[in-house]
There are 2 protein chains.
Amino acid sequence: MARYKVILAYDGTAFSGMQRQANSRSVQGEVEKALRKLGWKQKSILTAGRTDAGVHALGQVIAFDLGWKHKPANLLKALNAELPSDIAAKRVSVAKADFHPRFDAKKRSYEYRIFCQSQRDPLRERYAWRVWPAVKLSGLHAAAGSLRGEHDFAAFGSATKEDGSTMRRVLRAQWRKLGQDEFVFEVSANAFLYHMVRHMVGLQVKVGQGEAKAEIVKTALLGRNRVRELAPAHGLTLAEVEY
Amino acid sequence: MARYKVILAYDGTAFSGMQRQANSRSVQGEVEKALRKLGWKQKSILTAGRTDAGVHALGQVIAFDLGWKHKPANLLKALNAELPSDIAAKRVSVAKADFHPRFDAKKRSYEYRIFCQSQRDPLRERYAWRVWPAVKLSGLHAAAGSLRGEHDFAAFGSATKEDGSTMRRVLRAQWRKLGQDEFVFEVSANAFLYHMVRHMVGLQVKVGQGEAKAEIVKTALLGRNRVRELAPAHGLTLAEVEY
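Residues numbered from 1 in each chain as written. Chains lettered and ligands numbered in written order. Predicted model: local features only at pLDDT ≥ 70, side-chain atom pairs only at ≥ 80, totals over all residues. Heavy atoms only, no water.

Draft legend 1. The arrangement of the overall build of chain A in detail. A tally of helices and strands in chain A yields five helices and ten strands. In terms of C-alpha radius of gyration, chain A reaches 19 Å, essentially the compact-globule figure of 18 Å for 243 residues. Taken along the three principal axes of its C-alpha coordinates, chain A extends 60 × 40 × 30 Å. Taken over 243 residues, chain A has a buried fraction of 53%. Put simply, chain A shows about 11,200 Å² of open surface, and 50% of that area lies on carbon and sulfur atoms. For chain A, the centre of its 40 positive side-chain charges and the centre of its 24 negative side-chain charges are spaced 2 Å apart. (Helix = DSSP H or I, 4+ residues; strand = E, 2+ residues; numbered from the N terminus. Rg over C-alpha atoms; globule rule 2.2 N^0.38 Å. Buried < 20%, exposed > 50% of the residue type's maximum accessible area, 1.4 Å probe, protein only. Areas by Shrake-Rupley, 256 points an atom, 1.4 Å probe, with all protein chains shown as cover. Lys, Arg positive; Asp, Glu negative; His and termini not counted. Charge placed at Lys NZ, Arg CZ, Asp CG, Glu CD.)

Below you can see the structure in the form of structure tokens.
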């Protein structure tokens, strides 16, 4: 028996979210189903974060105890053979016996993609939010500046149960232009509040579109009143969890 | 009454193909359903090409006659409001009364995406073919060279009904590196045979992986025996039709 750490990627479109729920298709539920076919008999896997319905992942982290006679590379293959096509295991390794993907995490990174077009775009809207009127990169840059550093992010999300505090340390918050009309917001923090990235993006896009001044971000942080702009889930991807 | 030309984009995943079929969901069927809600009463729209099940489009072209009292821009909006989320109208314009999207086309362009990874990747496999072992760009370049120009492409696909000939003029056939492990094949021709791009990609990937020499492409063209390597539909996108 050993504790295994697995990095997962998934397309969140067809899931009710990461966390197992009765009567709906969750990432956790599908992974546990796959693991049971490989002889896993415990009640629940451990997970790094509870992504919402529709949120994607490139680097979700889970852990579980399993008696496996072969190498981790074989477990990777066996797991991918059992998982549905919208979930894949990217890496499997043996972790220390008390490794916990959520409590041991030091840093989480998310990406949020937007693109600016007046009409719908079926080939891009699965993984990016269509925004119109178009944003200006200068506005996004100005808005992002105020998000970096240690702040009370109460305006941007709710605290988790374990941690009543809404203080978070944002290590990175920056926009990058990808294509002609496509932008990605890259954000890292020690931890995130519920809906925090989606509120950050919602408010910054308003600034990028010229509908609000960049100072609105600082004002929101200080005022602690919940931001009303919530960017949709499908533009968001959990990129990485670091330990 | 006027003839309208519409450029369509769609995610081909959930369609049986472009062409209307009884008892299955086709792009043509969904577009005609949307048009009927806008007062269109004819039997069938005209289409530029019959993409297979799973093939995507950024620039499929259709045409139809419609009595529409407002501007083409209004028709664009009205059409997008009625179309399902995996199809979008990109542009609407008035065409000459006898415009035919297939017979008037001078040039078609397709893109085929591949990426090289040993494990499944749910966030990329919807629009790209996962290939392993990895390909070398030099091999792809060498293979593509023989495809350019006017050739008998009998080895790469079947002739359409209207045109018994398998001669086609390939105006462009080149590979571009996109990301670290991602490549796109851009190919344009006066017209394509059935499955032609997918056979081209299947054979070139074999060369790129070092499993065959670049000369195999020239040999296939001359020998006219059908290539066995058929790349899957989901990596293919109809990019543009020019008139």
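Draft legend 2. Here's a closer look at the environment of A:D98. Position of A:D98 relative to the elements: it lies in the loop between strand 4 (87-95) and strand 5 (107-116). Beyond its immediate stretch of four places on either side in the chain, A:D98 contacts A:R3 and A:D104. (Contact = heavy atoms within 4.5 Å.)

Draft legend 3. Quick peek at the environment of A:Q119. As for its position among the elements, A:Q119 is in the loop between strand 5 and strand 6 (129-131). Sequence-wise, A:Q119 and A:F192 are 73 residues apart; in three dimensions their C-alpha atoms are separated by 32 Å. Among all residues touching A:Q119, those that are not within four sequence positions of it are A:R130, B:L76, B:K77, B:N80 and B:A89.

Draft legend 4. Region of interest: the interface of chain B and chain A. Chain B puts 26 residues into the contact, and the matching count from chain A is 26 residues. Interface of chain B and chain A: buried area, both sides summed, is about 1,900 Å²; carbon and sulfur atoms make up 53% of it. There are two salt bridges connecting chain B and chain A. Where chain B meets chain A, there are 14 residue pairs in polar contact (both at pLDDT 80 or more). Elements supplying a minimum of two residues to the side of chain B that touches chain A: strand 1 (2-10), strand 3 (56-66), helix 2 (72-82) and strand 4 (87-95) of chain B. At four residues, the largest contribution of residues to the side of chain B that touches chain A is made by strand 4 of chain B. (Buried area = accessible area lost by both parts, 1.4 Å probe. Salt bridge = Lys/Arg side-chain N within 4 Å of Asp/Glu carboxyl O. Polar contact = N/O pair within 3.5 Å; in protein donor to acceptor, adjacent residues only side chain to side chain.)

Draft legend 5. A look at the packing of helix 3 (residues 137-145) of chain B against helix 4 (residues 196-208) of chain B. Residue and element names in this part refer to chain B. Where helix 3 meets helix 4, the closest approach of the two axes is 7 Å, and the angle between their N-to-C directions is 135°. If you check the angle between helix 3 and helix 4, you find them oblique. With respect to the hand of their crossing, helix 3 and helix 4 are arranged in right-handed fashion. Contact residues: helix 3 offers G139, L140, A143 and A144, while helix 4 offers Q204, V205, V207 and G208. Considered class by class, the residues forming the contact of helix 3 with helix 4 number five nonpolar, three polar and no charged. (Axes fitted to C-alpha atoms, helices over the stretch in contact; angles between N-to-C directions. Parallel < 35°, antiparallel > 145°, perpendicular 65-115°, else oblique. Left-handed = near helix turned anticlockwise from the far one by under 90°. Nonpolar A, V, L, I, M, F, W, Y, C, P; charged D, E, K, R; others polar.)

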